[in-house]
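Now for the letters of each chain:
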Amino acid sequence: TVAIASRGERGMIDRADWNPIGGGESGYIAPDPSDPNIVYAGSYFGYITRFDKRTEQAQNIQPWPDDTDGQGAANLKYRHTWTEPIVVSPHDPRVLYFAAQVLFKTTNGGMTWEVISPDLTRNDKSKQQSSGGSITKDNASVEYFDVIFSVAESPAQKDLIWVGTDDGLVHLTRDAGKTWTIVTPKEVPEWGMVSLIAASPQDAGTAYVVVDRHKMDDFRPYIFRTHDFGKSWTKIAAGLPENSYVHAVREDPKRKGLLYAGTETGIYASFDDGVHWQPLQLNLPTTPIHDLVIKDDDLVVATHGRSFWILDDTTPLRQLDPTMAGAEAHLYAPRLTYRTRIGHTPLRGRPLGENPPAGAILSYYLKSAPKDEVALEILDSNGKVIRKFSNREAPEVLPPSEFPDEPRPQERLPAEAGMNRFAWDLRYEPPTKLPGVIYDEGRPRGALALPGAYRVKLSVAAKSWTAPLEIKLDPRVTTSRADLEKQFELMTKLRDRQSQMNDAILQIRDLRAQLQALRKRLARDLAAKSVLASTEELDKKMTPIEEEMIQVKTKASEDELNYPTKLNSKLAYLQGAVDSADTAPTQACYELFEELNKQLGGHLARWSEIVAKDLPALNELMRKENIPQVGVAPPGNTH
């Protein structure tokens, strides 16, 4: 749990989740943004490769392919380390930077390299001698000193490049390397390693420098900020733990002054350009955060040995301001949502990464846990409520899970003090639910919302807040709007007919329970023999109707292999077929629906006749005997 606010006040974010997406440690790799099949990766003594996924081949493209193992760095042509920066220009994907004590540049995938800087390090030969002394020498380039350790070209201005070295220097060029200026912050301790430079994506003159001195037993956090191309610097570390040095800092690309810092013990955020910092740890393990990146609206971090993690949807952080901290509640405007058929891994116990929650991530803030109902409604473009969630939603009665790792539906709205998050799966209301029902091949659900404009409404007590929500079609899908509407129409018909069927089943079961209670109460009443006989006759007439609509003998999914499936499973399976992809339904789907719909219509007609004739006749008989009458609740009100 974490509180996020501006200027040290208790804030609006204290509940959210990170998702792990892989394993291992962070390292220097650079995918080609213009070709997803090409990836550049580095290793020791200046080894850099260009990997092509299409051929599964990795070409050595070292600027100087010399094997320097076993040698000190003092007399080498180029000094390299194991984790050297490999940077693709944000302005031209053909431009790639690589580093030694000088900065290299290529525009042809490493076939040729150009040196665009002088030696930018201190070049202290006393620190470039053979490692290991007279006992056992160990020289594999990780021991080499006086090298460039960080490179950043400004996303806001082409050819403006920042360079930091492992011996504590910062340089800047504003003309693609023709001239260089030393701009090292005065407060940088001598020999501190400039582990990362982050150039602002919004302002060319702004950059953030991280200095690491833990190898000198100095574990203090060092972050420096400039707004004037390095002419002046400000140290910004207030709020960071005194004994947790910093690995990385990044500025949010959409909200200026929103910073994220990865430290040796976790992650922090600042809403005021580094003046104050506060934790953003949430459920993230306490582990070193070696680097981080903001991809669209998600924050991705690389940890040391605890996998990659993603904080899905940072839009609430971008909308925070100090005035919200005093509000009773606040609904954040959700980000643009794409209608895709992805979601969390079905079996989370497996060693797999997780996708973000399926659908629209809806975030809202509550100053305190409310005593009244909290409701979240989704409205279509006409203002009609198409889905409602509540913190008082009764949990669905499900049969015992046969698969321990199977995720259970989460429809109850969280309503705790602080930040709350709920994922709407973009589906309309499902059919009326039957407690503990078994379905043979998938549970029924509502139709997917069509692309378009919607609104989200948060209600707490007598107050409400609304925010727009835009849903777009998966960009990989080319299905026409007309075909999507055909799918939506058939899905809705299937949903409505299943609701009518389930309402009837609930009414039958409710009436049976009343009749059973009546028979138990009148069992020894000789004067009630005719009533008892009528109740048994009524039960016999409605039981076959129920048994054709639902298989009453199943207690687990495998039972469907023994007892024939009935209408509930057949309609649910057909709905799954219609919903299997973003396409119009097949002709077979329409034909089967008509057949099943006809069968269901016959069963419902028989039930309606019982309700209209047999039930009143029984009640008339009971009235004559002064026995309280029985009945059925209207659809939607049966429990």
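Residues numbered from 1 in each chain as written. Predicted model: local features only at pLDDT ≥ 70, side-chain atom pairs only at ≥ 80, totals over all residues. Heavy atoms only, no water.

Caption draft 1: Region of the structure containing the overall build of the chain. A tally of helices and strands in the chain yields five helices and 32 strands. Relative to the globule expectation of 26 Å for 639 residues, the C-alpha radius of gyration of the chain, 33 Å, shows a markedly less compact shape. When the backbone C-alpha atoms are referred to their principal axes, the chain occupies close to 115 × 55 × 50 Å. The proportion of buried residues among the 639 residues of the chain is 49%. Restricting the contact set of the chain to residue pairs at least 6 apart, pairs at least 24 apart contribute 59%. Accessible area for the chain stands at about 30,500 Å²; split by element, carbon and sulfur atoms hold 50% of it. Seen as two clouds, the 77 positive and the 88 negative side-chain charges of the chain have centres 5 Å apart. (Helix = DSSP H or I, 4+ residues; strand = E, 2+ residues; numbered from the N terminus. Rg over C-alpha atoms; globule rule 2.2 N^0.38 Å. Buried < 20%, exposed > 50% of the residue type's maximum accessible area, 1.4 Å probe, protein only. Contact = heavy atoms within 4.5 Å. Areas by Shrake-Rupley, 256 points an atom, 1.4 Å probe, with all protein chains shown as cover. Lys, Arg positive; Asp, Glu negative; His and termini not counted. Charge placed at Lys NZ, Arg CZ, Asp CG, Glu CD.)

Caption draft 2: Broad picture of the sheet that holds strand β28 (residues 374-379). As summarised here, the arrangement of the five strands in space is β26-β32-β31-β28-β29, forming an open sheet in which the pairing is mixed. The sheet terminates laterally at β26 (337-339) and β29 (385-390), the two strands that pair on one side only. Going across the sheet, the axis of each strand differs from the next one's by a mean of 25 degrees, ignoring polarity. (Pairing = 2+ DSSP bridges. Axes fitted to C-alpha atoms, helices over the stretch in contact; angles between N-to-C directions.)

Caption draft 3: Looking closely at the pattern of salt bridges. Tallied over the entire structure, the rule returns 36 salt bridges. For the salt bridge of Arg 339 with Asp 582, the shortest nitrogen-to-oxygen distance reads 2.7 Å. A residue pair is termed long-range when its members are at least 10 positions apart, and Arg 339 in strand β26 and Asp 582 in the loop between α4 (567-578) and α5 (587-624) qualify at 243 residues. The same class applies to Arg 339 as to Asp 582, namely buried. Through salt bridges with shared partners, a single network forms among Arg 339, Arg 341, Arg 427, Arg 445, Asp 579 and Asp 582. (Salt bridge = Lys/Arg side-chain N within 4 Å of Asp/Glu carboxyl O.)

Caption draft 4: The packing of helix α3 (residues 529-549) against α5, seen in detail. At a minimum axis separation of 10 Å, α3 and α5 run at an interaxial angle of 170 degrees. Considering their axes alone, α3 and α5 lie roughly antiparallel with respect to each other. Along its contact with α3, which presents Ser 530, Val 531, Ser 534, Thr 535, Leu 538, Lys 541, Met 542, Pro 544, Ile 545, Glu 548 and Met 549, the element α5 presents Leu 600, His 603, Leu 604, Arg 606, Trp 607, Ile 610, Asp 614, Leu 615, Leu 618, Leu 621 and Met 622. By residue class, the composition of the contact of α3 with α5 is 14 nonpolar, four polar and four charged. (Parallel < 35°, antiparallel > 145°, perpendicular 65-115°, else oblique. Nonpolar A, V, L, I, M, F, W, Y, C, P; charged D, E, K, R; others polar.)

Caption draft 5: Quick look at the environment of Ile 378. Relative to the helices and strands, Ile 378 resides in strand β28. Between the C-alpha atoms of Ile 378 and Gly 230, which are 148 residues apart in sequence, the distance is 49 Å. Not counting chain neighbours up to four residues away, the residues in contact with Ile 378 comprise Leu 362, Lys 384, Val 385, Ile 386, Arg 387, Trp 424, Arg 455 and Val 456.

Caption draft 6: Representation of the pairing of strand β11 (residues 161-165). Of all five residues in β11, five are buried, a share of seventy percent or more. Side-chain alternation along β11 places Ile 161, Val 163 and Thr 165 on one buried face and Trp 162 and Gly 164 on a second face that is also buried. The sheet contact formed by β11 and strand β12 (residues 170-173) spans four bridges and is antiparallel. Its bridge partner being in β12, Ile 161 is matched across the sheet by Thr 173. Linking two consecutive strands that pair antiparallel, namely β11 and β12, is a turn of four residues; a positive phi of about 90 degrees is found at Gly 168 within it.

Caption draft 7: Just the nonpolar core, in detail. Judged by nonpolar contacts, the single largest core of 71 residues is most densely connected at Tyr 364, Leu 376, Trp 424, Tyr 454, Leu 511, Met 549 and Trp 607. For this core, the element with the highest residue contribution is helix α2 (residues 481-522), accounting for 14 residues. Apart from residues lying up to four places away in sequence, Met 549 is in contact with Met 501, Ala 504, Ile 505, Ile 508, Lys 566, Leu 567, Asn 568, Leu 600, His 603 and Leu 604. Residues Ile 267, Ile 289, Leu 292 and Leu 311 belong to the second largest nonpolar core, which totals 21 residues. (Core = buried A, V, L, I, M, F, W, Y, C linked by side-chain atoms within 4.5 Å.)

Caption draft 8: Summary view of the packing of aromatic side chains. One pass over the full model with this rule turns up twelve aromatic pairs. With 6.0 Å between their ring centres and 45 degrees between their planes, Phe 98 and Trp 113 make a pair best called tilted. Highlighted residues: Phe 98 in strand β7 (residues 96-99) and Trp 113 in the loop between β8 (103-106) and β9 (114-115), separated in sequence by 15 residues. Arranged with centres 6.0 Å apart and planes meeting at 40 degrees, the rings of Phe 145 and Trp 191 form a pair that is tilted. Of this pair, Phe 145 sits in the loop between β9 and β10 (148-153) while Trp 191 sits in the loop between β13 (181-182) and β14 (193-199), and the two are 46 residues apart along the sequence. Residue classification places Phe 145 among the buried positions, given a relative accessible area of 17%. Residue Trp 191 is classed as buried on the basis of its relative accessible area of 18%. In this structure an aromatic cluster arises from ring pairing among Tyr 78, Phe 98, Phe 104 and Trp 113. The aromatic ring of Trp 64 is capped on one face by Lys 77, whose charged end is 4.8 Å from the ring centroid. Above the face of the Trp 191 ring, Lys 127 is positioned so that its terminal group lies 4.2 Å from the ring centre. (Phe/Tyr/Trp six-rings, centres within 6.5 Å; stacked < 30°, edge-to-face > 60°. Lys NZ or Arg CZ within 6 Å of the ring centre and 35° of its normal.)

Caption draft 9: Seen up close, the side chain of Arg 335. Secondary-structure assignment places Arg 335 in the loop between β25 (329-331) and β26. Only 2.8 Å separates the side chain of Arg 335 from the side chain of Asp 298, close enough to count as a polar contact. In contact with Arg 335, not counting residues within four places along its chain, are Asp 297, Asp 298, Asp 313, Thr 315, Ile 361 and Leu 469. (Polar contact = N/O pair within 3.5 Å; in protein donor to acceptor, adjacent residues only side chain to side chain.)

Caption draft 10: Just the side chain of Asp 503, in detail. Mapping Asp 503 onto the fold places it in helix α2. Within the buried core, Asp 503 has no salt-bridge partner, and the shortest N-O distance to an opposite charge, that of Arg 495, equals 9.9 Å. Separated by 3.3 Å, the side chains of Asp 503 and Thr 432 make a polar contact.

Caption draft 11: Spatial organisation of the sheet that holds strand β21 (residues 278-279). Strand order in the open sheet made by the four strands is β18-β19-β20-β21, with antiparallel pairing throughout. In this open sheet, the two edge strands, each paired with only one partner strand, are β18 (246-251) and β21.

Caption draft 12: Local environment of the environment of Ile 135. With respect to the element layout, Ile 135 can be found in the loop between β9 and β10. When its relative accessible area of 78% is taken as the criterion, Ile 135 is described as exposed. As for Ile 135 and Pro 63, which are separated by 72 residues in sequence, their C-alpha atoms are 32 Å apart.

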